[in-house]
Amino acid sequence: MTPAENKQIVWVPVCCGRIMRYNIFKQPRGGVYGALVCTSCSKNIVLEQEPLFSLSDYGEGSILLSVVGSPKPPKSERPADVDIGIDEPTL
Ligand SMILES: [Zn+2]
């Protein structure tokens, strides 16, 4: 894959066959956090902000993901054939 193609890829958070909703919330003590929420099972994933320079703290293989965060994502069904490999969680 060339770098030009790579830039056009985004990751879409999916749960229960639907795109997860993303909202940003203000923290009482300042700052903001984001939350990906599944409207079907209510699973939520909290995203906290952090300075970019700390990426090296996360170890080998860490990458920055471009993830779509939408408060009103399309309601279309996602293909349900995602096979989550437990034995090999990373590429
Ligand atoms: Zn779900």
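Residues numbered from 1 in each chain as written. Predicted model: local features only at pLDDT ≥ 70, side-chain atom pairs only at ≥ 80, totals over all residues.

Asks: Before we go on, may I ask you to explain the overall build of the protein chain in this structure?
Replies: Counting secondary structure elements, the protein chain contains one helix and five strands. In sequence order, the protein chain lays out its α and β elements as α-β-β-β-β-β. Here the protein chain holds 91 residues, and the buried ones make up 4% of them. Excluding contacts between residues fewer than 6 apart, the proportion of contacts in the protein chain whose partners are at least 24 apart in sequence is 43%. (Helix = DSSP H or I, 4+ residues; strand = E, 2+ residues; numbered from the N terminus. Buried ≥ 20, exposed ≤ 12 C-beta atoms within 10 Å, placed from the backbone. Contact = placed C-beta atoms within 7 Å.)

Asks: Help me understand the sheet that holds strand β3 (residues 21-26) in this model?
Replies: To summarise the sheet geometry, strands pair through backbone hydrogen bonds and adopt either a parallel or an antiparallel arrangement. An order of β3-β4-β5 is seen for the three strands of this open sheet, with the pairing classed as antiparallel. Each of the sheet's edge strands pairs with one partner strand only, and the pair in question is β3 and β5 (44-48). Taken pair by pair, the neighbouring strands of this sheet meet at an average axis angle of 25°, ignoring direction. Of the strand pairs in this sheet, β3 and strand β4 (residues 32-37) are connected by six bridges, and their pairing is antiparallel. For Lys26, the partnering residue across the bridge sits in β4 and is Val32. (Pairing = 2+ DSSP bridges. Axes fitted to C-alpha atoms, helices over the stretch in contact; angles between N-to-C directions.)

Asks: Teacher, can you tell me more about the pairing of β5 here?
Replies: Along a regular strand, successive side chains alternate from one face of the sheet to the other. Pairing of β4 with β5, which is carried by five bridges, proceeds in the antiparallel orientation. Directly across from Tyr33, in β5, lies its bridge partner Glu48. Taking the residues that link successive antiparallel strands as the turn, the β4-β5 hairpin has six residues, and the phi of Ser42 there is positive, at about 70°.

Asks: Can you help me understand the pairing of β3 in this one?
Replies: When you tally the buried positions in β3, you get zero out of six residues, a small fraction of the element. Where β3 hands over to β4, the hairpin turn is made up of five residues, of which Gly30 adopts a positive phi near 105°.

Asks: What should I look at first to understand unusual backbone geometry in this one?
Replies: Phi is mostly negative for residues that are not glycine, and the peptide bonds are mostly trans. A positive phi angle, close to 55°, is found at Cys16, a residue other than glycine. Checked against the element boundaries, Cys16 lands in the loop between β1 (14-15) and β2 (18-19). Judged by the 14 C-beta atoms lying within 10 Å of it, Cys16 is partly exposed. Look at Ser42: it is not a glycine, yet its phi comes out positive at around 70°. Structurally, Ser42 is set in the loop between β4 and β5.

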